[in-house]
Amino acid sequence: TSLLFAIVGILATTLFGVWGLYFVIKFGRKPGQITFLREEIIGLFDSIVRNLPELSIKYQNEPISQSLFLLKGYLINTGTKDVTEDMVESELTISLPEGYKWLNAKRVSDSPPEVQLSILKEMHLVFHTGLFRCEEYIRFEALVEVPAQDESSEKHKSNSAGKSLEK
């Protein structure tokens with residue numbers, strides 16, 4: 001009888017182990033998941049203009065200020081299903097904290113080609129995706145203006161603005 005219990009125990013363990021692995025593999029990832037990856041945040045003034053005084057960069061025919069940053073990032077459909085317009089309640093939106101402003105944004109990749117970007121009230125960057133297939137990505141670049149800080153914290157502006165944009 002102990003041999004019979006040992007065989008039944010091994011079979012039950014194997015059966016439940018295979019069954020558990022099947023469900024983890026099939027249903028482990030969330031079906032509708034979009035992931036944001038930050039490629040780079042560049043403080044345009046601090047990174048470029050400050051180090052080369054002979055160089056000037058203009059935005060809309062005005063020299064850039066210390067509060068202008070370039071954000072490069074990706075949105076990736078890391079879920080297990082394609083995301084259609086019928087599946088979402090509202091457009092995919094990235095919002096900035098109070099005082100920050102989106103100045104300009106553009107898509108810089110061709111996957112998917114029908115994606116369009118728009119800025120609402122300077123605080124919300126909206127992605128009009130249509131069909132967003134599994135494992136497709138949207139690569140974009142955007143200019144962000146951060147709020148002015150007092151001069152005592154001026155040397156920490158680039159670092160703190162980058163941390164705020166990461167959130």
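Residues numbered from 1 in each chain as written. Predicted model: local features only at pLDDT ≥ 70, side-chain atom pairs only at ≥ 80, totals over all residues. Heavy atoms only, no water.

Quick look at the pattern of salt bridges now. Once their charged atoms are close, side chains differing in charge can pair, the charge on each being opposite to the other. The tally for this structure, following the rule as stated, stands at five salt bridges. Across the pair Lys 72 and Glu 40 runs a salt bridge, and its minimum N-O distance is 3.9 Å. With Lys 72 in strand 4 (residues 68-77) and Glu 40 in strand 1 (residues 34-43), this pair connects stretches of sequence that are 32 residues apart. Overall, the relative accessible area of 33% leaves Glu 40 in the partly exposed class. (Salt bridge = Lys/Arg side-chain N within 4 Å of Asp/Glu carboxyl O. Helix = DSSP H or I, 4+ residues; strand = E, 2+ residues; numbered from the N terminus. Buried < 20%, exposed > 50% of the residue type's maximum accessible area, 1.4 Å probe, protein only.)

Attention now moves to the packing of aromatic side chains. The full count for this structure, using the stated rule, is four aromatic pairs. Taken together, a centroid distance of 6.3 Å and an interplanar angle of 70° make the contact between Phe 16 and Trp 19 edge-to-face. Of this pair, Phe 16 and Trp 19 both sit in helix 1 (residues 2-27), three residues apart, roughly one helical turn. Taken together, the ring pairs in this structure connect Phe 36, Phe 127 and Phe 140 into an aromatic cluster. (Phe/Tyr/Trp six-rings, centres within 6.5 Å; stacked < 30°, edge-to-face > 60°.)

Further remarks concern the confidence of the model for the protein. Summary statistics for the protein give a mean pLDDT of 79 and a share of 85% for residues scoring 70 or more. Across the protein, the secondary-structure element scoring lowest on mean pLDDT is helix 3 (residues 157-166), at 48, and the one scoring highest is strand 9 (residues 137-145), at 90. (pLDDT = per-residue confidence, 0-100.)

So, on to the sheet that holds strand 5 (residues 92-95). The three strands are arranged 5-8-7 in an open sheet whose pairing can be described as antiparallel. The open sheet terminates on both sides in strands that have one partner only, identified here as strand 5 and strand 7 (116-120). Here the strands of the sheet are splayed against their neighbours by 20° on average, with no regard to which way each runs. In this structure, strand 7 lies alongside strand 8 (residues 124-128), joined through five bridges in antiparallel fashion. For Ile 119, the partnering residue across the bridge sits in strand 8 and is Leu 125. (Pairing = 2+ DSSP bridges. Axes fitted to C-alpha atoms, helices over the stretch in contact; angles between N-to-C directions.)

The subject of this paragraph is the environment of Glu 40. With 30 residues separating them in the primary sequence, Glu 40 and Leu 70 have C-alpha atoms 7.9 Å apart. Ignoring any residue separated from it by four or fewer positions in sequence, one finds Glu 40 in contact with Leu 70, Leu 71 and Lys 72. (Contact = heavy atoms within 4.5 Å.)

A few words on the environment of Asn 104. In this fold, Asn 104 is placed in strand 6 (residues 101-107). The exposure class assigned to Asn 104 is partly exposed, which follows from its relative accessible area of 38%. In the structure, Asn 104 is positioned 13 residues away from Leu 117 in sequence and 9.5 Å away in space, judged by C-alpha atoms. The residues touching Asn 104, leaving out its near neighbours within four places in the chain, are Tyr 59, Ile 119, Glu 141, Ala 142 and Leu 143.

It is worth spelling out unusual backbone geometry at this point. A positive phi is found at Asn 61, a non-glycine position, where the angle reads about 60°. Positive phi is not limited to glycine here, since Glu 122 has a value of about 60°. Within the secondary structure layout, Glu 122 lies in the loop between strand 7 and strand 8. With relative accessibility at 40%, the residue Glu 122 sits in the partly exposed group.

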